[in-house]
Amino acid sequence: KFELAKHGTLVLDEISEMSLPLQAKLLRVLQEREVDRVGGSRSVPMHARVVAISNVDLKKAVSENKFREDLFYRLNVMRLELPSLKNRRGDIPLLISHILKRLCATRDTSVEKISNDAMEVLLNHDYPGNVRELENIIEHALIVCQDKIIERNHLPLSLQGGLSSRRPAQKKPSIDREIEYSE
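Note that the structure is a prediction, hence the values are computed from the model and not measured.

A.B. asks: Is there a simple way to think about helix α2 (residues 20–32) in this case?
C.D. replies: A turn of α-helix holds 3.6 residues, and therefore any two residues three or four places apart point the same way. Taking 1.5 Å as the rise per residue, α2 with 13 residues should run 18 Å; its terminal C-alpha atoms sit 18 Å apart, in good agreement. Turning to α2, its buried residues are Gln-23, Leu-26, Leu-27, Val-29 and Leu-30. Burial along α2 is one-sided: seen end-on, the buried residues are contained in an arc of 160°. Structural note: α2 exposes Pro-21 and Lys-25 on the side pointing more than 90 degrees away from its buried face. In this structure, the buried side of α2 is in contact with α1 (2–5), β1 (9–12), β2 (34–36), β4 (49–52) and α4 (69–75). Positioned one or two residues after α2, Arg-33 has a phi angle of 60°, which is positive.

Shown next, in the form of structure tokens:
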């Protein structure tokens, strides 16, 4: 994958799940800036930028001997922390719009809107699965929806029961109109 990335960016998702022996090999690649092909006879220079993603506190994983300290410091050149979706409720309508547009294009579906009632439910959900969960919910709604508007009853049953799966928000984004998107 390093070789395929060439001079681009290689994203290593869930880096915390990597085994310790594999972490050692990754550290060597990052330090030496070269990779050894399986069965190859020479090293190949590596020019890719590496972005490592984790939903685990890697510093804590280092203290628990679950993540190599030297690899942590090699990767921790620029650290970005994104709050979970439940702490970024204002992003939910924009994400839904983006997800809808993408999924409708790949599924040849013509859903155009999400009703205010359905949006209210989506804004009040905690999203322990973060953006991936939101995407799954929208995909579910697209499968169930036979109309142009996603309604509350198109959402998974676990969400239909009530508006509040969390404590009341301090500041809730305005949803005074239905979300529309155009291609």
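A.B. asks: Is there a simple way to think about the side chain of Asn-124 in this case?
C.D. replies: Tracing the chain through its elements places Asn-124 in the loop between α6 (116–123) and α7 (130–144). For Asn-124, a relative accessible area of 8% puts it in the buried group. Of note is the side chain of Asn-124, whose polar atom sits 2.7 Å from the backbone oxygen of Glu-120.

A.B. asks: I'm lost on the side chain of His-154 in this one. Help?
C.D. replies: Of note, His-154 is situated in the loop between β6 (149–150) and α8 (157–160). Using a relative accessible area of 7% as the deciding quantity, one classes His-154 as buried. For His-154, the side chain forms a polar contact with the main-chain nitrogen of Glu-151, separated by 2.8 Å. For His-154, the residues in contact, after removing those within four places along its chain, are His-140, Ala-141, Val-144, Cys-145, Gln-146, Asp-147, Ile-149 and Gln-160.

A.B. asks: What should I look at first to understand the pattern of salt bridges in this one?
C.D. replies: For side chains bearing opposite charge, pairing can occur when the charged atoms are close. One pass over the full model with this rule turns up twelve salt bridges. Across the salt bridge formed by Glu-14 and Arg-132, the nearest N and O atoms sit 3.9 Å from each other. Placement of Glu-14 in the loop between β1 and α2 and of Arg-132 in helix α7 is noted, with a sequence separation of 118 residues between them. Relative accessible area serves as the criterion here: at 24%, Glu-14 is assigned to the partly exposed category. A salt bridge links Arg-107 to Glu-139; its shortest N-O distance comes to 2.2 Å. In this pair, Arg-107 is assigned in helix α5 (residues 92–107) and Glu-139 in helix α7, connecting sequence segments 32 residues apart.

Parameters at a glance
Residues numbered from 1 in each chain as written. Predicted model: local features only at pLDDT ≥ 70, side-chain atom pairs only at ≥ 80, totals over all residues. Heavy atoms only, no water. Helix = DSSP H or I, 4+ residues; strand = E, 2+ residues; numbered from the N terminus. Expected span 1.5 Å × (residues − 1). Buried < 20%, exposed > 50% of the residue type's maximum accessible area, 1.4 Å probe, protein only. Arc of directions from axis to C-beta. Contact = heavy atoms within 4.5 Å. Polar contact = N/O pair within 3.5 Å; in protein donor to acceptor, adjacent residues only side chain to side chain. Salt bridge = Lys/Arg side-chain N within 4 Å of Asp/Glu carboxyl O.

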